[in-house]
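Chain residues, written in single-letter form:
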Amino acid sequence: MKHLTAGILAHVDSGKTTCIESMLFLSHTIRKQGRVDHQDAFLDYDDQERKRGITIYSKEAILNWKDTRINLIDTPGHVDFSAEMERSLSVLDLAILLISAQDGVQAHTRTIWDCLNHYEIPSILFVNKMDICYRSKEEILAQLQEELDGSVIDFEAPKDVLLEQLALVSDEMLEEYTNTSSISKESIFKAIKDRKLHPVLFGSALKNEGIEVLMDLMSEYASDPEWPEDFKARVFRISEDEQKARLTHIKVLGGTLKARELIENHGKADQIRLYSGTGYQLVQEVSAGMVAAIKGLENTVPGMGLGSLEDLEAPVLEASLSYELLLPTMTDRSLIMAALRLMAAEDPALKVENDDESRKIFVRFMGEVQMEVFQKKLLDRTGVMAGFGNGRIIYKETIRNAVNGYGHFEPLRHYAEVHVRLEPQKRNSGLAFSMNIPRDMLPLHWQRTIINSLQAREHKGVLTRSPLTDMKISLIAAKAHQKHTESSDFDKAGRRAIRQGLMKAENILLEPYYRFSIQTEVSVLSKVLFELEQRKCTFIPEQKSESMMEITGRGPLRLLLNFQKDLAAISSGKAQIRMENDGYDECQDAQMIIDQIGYDPESDLANPASSVFCSHGSGVNIPWDEAEEMMHIPIEQNVISGSWSMNSGKVSDQEMKSAFEKAEATET
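Residues numbered from 1 in each chain as written. Predicted model: local features only at pLDDT ≥ 70, side-chain atom pairs only at ≥ 80, totals over all residues. Heavy atoms only, no water.

## Side note on the overall build of the protein
Then step 1. If you tally the helices and strands in the protein, you get 19 helices and 34 strands.
Then step 2. With respect to the principal axes defined by its C-alpha atoms, the protein has extents near 85 × 65 × 65 Å.
Then step 3. Looking at the protein residue by residue over its 668 residues, the buried ones come to 54%.
Then step 4. Across the protein, the fraction of contacts at a sequence separation of at least 24, relative to all contacts at a separation of at least 6, is 72%.
Then step 5. For the protein, the exposed surface amounts to about 31,000 Å²; the carbon and sulfur share of it is 47%. (Helix = DSSP H or I, 4+ residues; strand = E, 2+ residues; numbered from the N terminus. Buried < 20%, exposed > 50% of the residue type's maximum accessible area, 1.4 Å probe, protein only. Contact = heavy atoms within 4.5 Å. Areas by Shrake-Rupley, 256 points an atom, 1.4 Å probe, with all protein chains shown as cover.)

The following block contains the structure:
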């Protein structure tokens, strides 16, 4: 039997849960279809989900259709839980994107589509609620092609029309159609897999119309690929069972995993469970292509690779606002922090900042609904009802030019030196890490230690102490001492190297942006445009009818906070806005923000740019702008051309002695 892992994704209120109920019912997995409004849907078993009528957590269901075993991953549709949706994408073979026929493409639909493009997930579109829609298929299809992708093709069109549309997808399909007057299923499914083609189907999940056609297409698309023999798996979710046992949800992408087998650094797989809703089947092993929940593993987080699989890159979607957690007087902070650490492991998007100096705790949220869900979950786990302070903008920092950074850490009986290359990357790409030194300079296990320690930490910028992003950090040289080097020494030297590089670079402050769509009556258009200009937004107005205009654009979140209420006031309710996170971009008022925050990087003892050298038996702190000359690994640099190179890196005892003598001379 073929295996297919398919995610169901949608804007909220598109009928996603109803679609899943229909698929389960038609495949005879369940006997009766549940409904969101009846609070008896198969996968909406969480109390908060049932009360709110939305999906909060990704969950699995298993169904068999024809010759295919389909693992359905139900993902949240509410924008506040976008990060949970994004994590599920890493294990999908196919995405089913639901569109409400009534609402069409919404702001969050475009966000989902951008994620599918980013992760290169093959997609089938299903336009739901056709039974209550006033628009024609042709109107809906035109919008999908205009706002999502021109290669969205109606798979319900007459055969001759469909073939002509398919022939336009690629040169290969055009040639095949020209030569044979047909196009093979293999060519069609390859185009879907390569995201050159996006089939769209129409129906009504509530009336079970079009769902069997959808499952037929999913089954036909499924294949039996050749998987690697060595074990590898992707973690996409962490949860607890009813007994509070920790579960690691994975998709196996190579080899097999057997019950009670040991996974390096994560413990033993005590149980392997195949979940469908709240029920599960215990199995002795799980093979490539299957989704399972593993009991017994430790230190696992969503996005992590197990076995020989690398961890995922930083997520595309993340919170832009941070809120102070307000706790009742005499609350046990250690109890709260323990609960927060567990909740952050389950949901890595839930960034928790514990400021020991001010004794304040800050948590990042996507929106109010996520805050309310968090508040209830914390109450259930600790008995503490927390409140929230005002939201503050989460800024980020990057660099405009490439630069090398050097760090040395050598107090008595410790030793490590690290050289890094910092290079700017495209916007909203996160941090990337690489190793670029020969093994004869430093053993591979030490190189991995350095990279792992750098990856595990949130690095701060030197403008406002905001998180670093959009940068490649390459390890270009490093040295250990045969007796005195520990892993923590490389961590300290590596952090110093990054900070030293930042102090020399041209740094950029980034702020979160939102994209928006405003529907407004023409009579208040000038007022709306004036407000957008005042908020430093870029936008394009478009006439929709004699009396209505649509304005699409983007602007800094800092200046769009509370704009929804302001817009209603200035337009007397004649304009409505939809807003969606649009990543980070250069801050338009950078110097003003930097001055307001008033951060001094050289006074930040927790993030030093200086290096520590040994002199007369003790560690001596050397400022960042002087430390470069004292590094033990020779540096060769062409300042005029901006090119750089590293010496092959083996430091002789004579060179080491010379470096120590130089350090001592500097001190005296």
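## Observations regarding the packing of helix α10 (residues 333-346) against helix α11 (residues 368-382)
Then step 1. The N-to-C vectors of α10 and α11 enclose an angle of 125°; their axes lie 10 Å apart at closest approach. Classified by the angle their axes make, α10 and α11 are oblique. Handedness of the crossing formed by α10 with α11: right-handed. Contacts from L335, I336, A339, L340, L342, M343 and E346 of α10 reach α11 at F374, K377, L378, R381 and T382.
Then step 2. Tallied by class, residues from the contact of α10 with α11 come to eight nonpolar, one polar and three charged. (Axes fitted to C-alpha atoms, helices over the stretch in contact; angles between N-to-C directions. Parallel < 35°, antiparallel > 145°, perpendicular 65-115°, else oblique. Left-handed = near helix turned anticlockwise from the far one by under 90°. Nonpolar A, V, L, I, M, F, W, Y, C, P; charged D, E, K, R; others polar.)

## Some details on the pattern of salt bridges
Then step 1. Going through the model one piece at a time under the given rule, you end up with 36 salt bridges.
Then step 2. Among the salt bridges present, the one from E511 reaches R558, with a minimum N-O distance of 2.8 Å. Here E511 is found in strand β27 (residues 507-521), whereas its partner R558 is found in helix α15 (residues 557-560), with 47 residues between them in sequence.
Then step 3. A residue is classified by how much of its surface remains accessible, and R558, at 17% relative accessible area, is buried.
Then step 4. Ionic pairing is found between E542 and K544, a salt bridge with its closest N-O pair at 3.9 Å.
Then step 5. Exposure remark for E542: the relative accessible area of 41% places this residue in the partly exposed category.
Then step 6. Three or more residues are tied together by salt bridges with common partners; here these are D114, R427, D470, R515, R554, D582 and D585. (Salt bridge = Lys/Arg side-chain N within 4 Å of Asp/Glu carboxyl O.)

## Observations concerning a negative patch on the surface
Then step 1. A cluster of acidic residues, D600, E602, D625, E626 and E629, forms a negative patch at the surface.
Then step 2. Its place among the elements puts D600 in the loop between α17 (590-597) and β31 (611-615). (Patch = residues over 30% accessible without salt bridge, like charges linked within 9 Å, V, L, I, M, F, W, Y side chains within 5 Å. Lys, Arg positive; Asp, Glu negative; His and termini not counted. Charge placed at Lys NZ, Arg CZ, Asp CG, Glu CD.)

## Focus: empty space enclosed by the protein
The rolling of a water-molecule-sized probe over the atoms marks out the regions of remaining empty space.
Then step 1. In total, this model carries two cavities of 30 Å³ or more according to the counting rule given.
Then step 2. As a volume, the largest cavity reaches approximately 70 Å³.
Then step 3. In terms of lining residues, the largest cavity is bounded by R457, E458, H459, K460, L468, R495, I498, R499, A606, N607 and P608.
Then step 4. A per-class count over the lining of the largest cavity returns four nonpolar, two polar and five charged.
Then step 5. Of the voids in this model, the second largest cavity is the one considered here, and its volume is about 30 Å³.
Then step 6. In terms of lining residues, the second largest cavity is bounded by I62, R69, N71, L274, M290 and V291.
Then step 7. Of the residues in the lining of the second largest cavity, the class split is four nonpolar, one polar and one charged. (1 Å grid on protein atoms, 1.4 Å probe; cavity = no way out; pocket = protein on both sides within 12 Å on 5 of 7 lines; lining within 4 Å. Points joined across faces, edges and corners; volume = space filled by probe spheres on them.)

## Some thoughts on the layout of surface pockets
Then step 1. Approximately 1,300 Å³ is the volume attributed to the second largest pocket.
Then step 2. Along the wall of the second largest pocket there are 44 residues; nearest its centre are D46, Y57, R237, E240 and K377.
Then step 3. Elements that contribute at least two residues to the lining of the second largest pocket include exactly α2 (47-52), β2 (59-65), α3 (82-88), β8 (232-240), β9 (246-254), β13 (271-276), α10 and α11.
Then step 4. The element best represented in the lining of the second largest pocket is α11, accounting for seven residues.

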